[in-house]
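Topology and contacts: notes
Single-letter residue listing:
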Amino acid sequence: MNELYRVLKPAEYDNAGKIIKGFATIIVPHWASQRAYGDLTHKWPAVSEFWFYYLDKDWRALNAPHNDFYTCNLTVSWGYGMHPEIVARNVEYQQNAMKFWKEACSDIIATMTKK
């Protein structure tokens, strides 16, 4: 993430506020999905949603001042790639599935911009 931050250009937005340049999107297996465990080339521990907070310099200063590994300062938004049988269902069903069913979320999809 430090190297990504170094080479990433600052974000640029169009007139509608949609980001058009200066972002990176990563897709990783959700930590609770079988996909996180099946491929032995995946680094461990698996990526969880909480990790993204550590990529923000201000958050680290308040919550993890001992962490001097990260030098990046990224804004991250993330969501989920869900199992195909759940995608077609209503939002309430999807939220319930994400909360209680291990295989509901297949991937974490995160978009990062340089602050």
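In short, a report on the structure. Position numbers for residues start from 1 in each chain and track the written sequence from start to end. Thresholds applied to this predicted model are a pLDDT of at least 70 for local features of residues and 80 or more for the giving and counting of side-chain atom pairs; totals over whole chains, interfaces and linings are not thresholded and use all residues. Calculation of side-chain values draws on the structure's entire complement of heavy atoms; hydrogens and water are dropped beforehand.

Tallying secondary structure elements over the protein chain gives five helices and five strands in all. In this description a helix means any DSSP run of H or I spanning at least four residues, a strand means any run of E spanning at least two, and both kinds are numbered starting from the N terminus. Across the protein chain, helices and strands are ordered from the amino to the carboxyl terminus as α-β-β-β-α-α-β-α-α-β. Counting only C-alpha atoms, the protein chain reaches 40 × 40 × 30 Å along its principal axes. Relative accessible area decides the class of each residue, using a 1.4 Å probe on protein chains only: under 20% of the type maximum gives buried, over 50% gives exposed, and in between gives partly exposed. Taking all 115 residues of the protein chain together, the buried fraction comes to 30%. Contacts are assigned to residue pairs with any non-hydrogen atoms lying within 4.5 Å of each other. In the protein chain, the share of contacts with a sequence separation of at least 24, taken over all contacts with a separation of at least 6, comes to 61%.

Nonpolar cores are built from buried Ala, Val, Leu, Ile, Met, Phe, Trp, Tyr and Cys residues. Side-chain atoms within 4.5 Å join them into one set. Ranked by size, the top nonpolar core spans 12 residues in total: Leu8, Ala24, Val28, Phe52, Leu55, Tyr70, Cys72, Leu74, Val76, Ile108, Ala110 and Met112. Listing elements by their share of this core, those giving two or more residues are strand E3 (23-29), strand E4 (74-82) and strand E5 (105-114). The greatest single-element share of this core, amounting to three residues, is contributed by E5. For leucine 8, the residues in contact, after removing those within four places along its chain, are Gly22, Phe23, Ala24, Leu74, Met112, Thr113 and Lys114.

Glancing now at the environment of aspartate 39. By the secondary structure assignment, aspartate 39 is in the loop between helix H2 (35-38) and helix H3 (57-63). The sequence separation of aspartate 39 and proline 29 amounts to 10 residues, and the corresponding C-alpha distance is 9.9 Å.

Positionally, cysteine 105 belongs in strand E5. Spatially, the C-alpha atom of cysteine 105 lies 5.9 Å from that of glycine 81, the residues being 24 residues apart in sequence. Leaving out residues up to four positions away in the same chain, cysteine 105 has contacts with His30, Ser33, Tyr80, Gly81, Met82 and Met98.

On to the packing of aromatic side chains, then. Given two aromatic rings, their pairing is described by the distance between the two centres and the angle made by the two planes. Paired rings are identified among Phe, Tyr and Trp, the last through its six-membered ring, by centres lying within 6.5 Å, and are further divided according to the angle between planes into stacked (under 30 degrees), edge-to-face (over 60) and tilted (the rest). Taken as a whole, this structure holds 10 aromatic pairs when the rule is applied. For the pair phenylalanine 50 and tyrosine 54, a centre-to-centre distance of 6.0 Å together with 70° between the ring planes defines the contact as edge-to-face. A relative accessible area of 44% places phenylalanine 50 in the partly exposed class. An aromatic cluster is built from Phe50, Trp51, Phe52, Tyr53, Tyr54, Trp59 and Trp78, whose rings are joined through pairwise contacts. Its end group placed over the ring of tyrosine 93, arginine 89 keeps NZ or CZ at 3.7 Å from the ring centre. By definition, being over a ring means that NZ of Lys or CZ of Arg is both within 6 Å of the ring centre and within 35 degrees of the ring normal.

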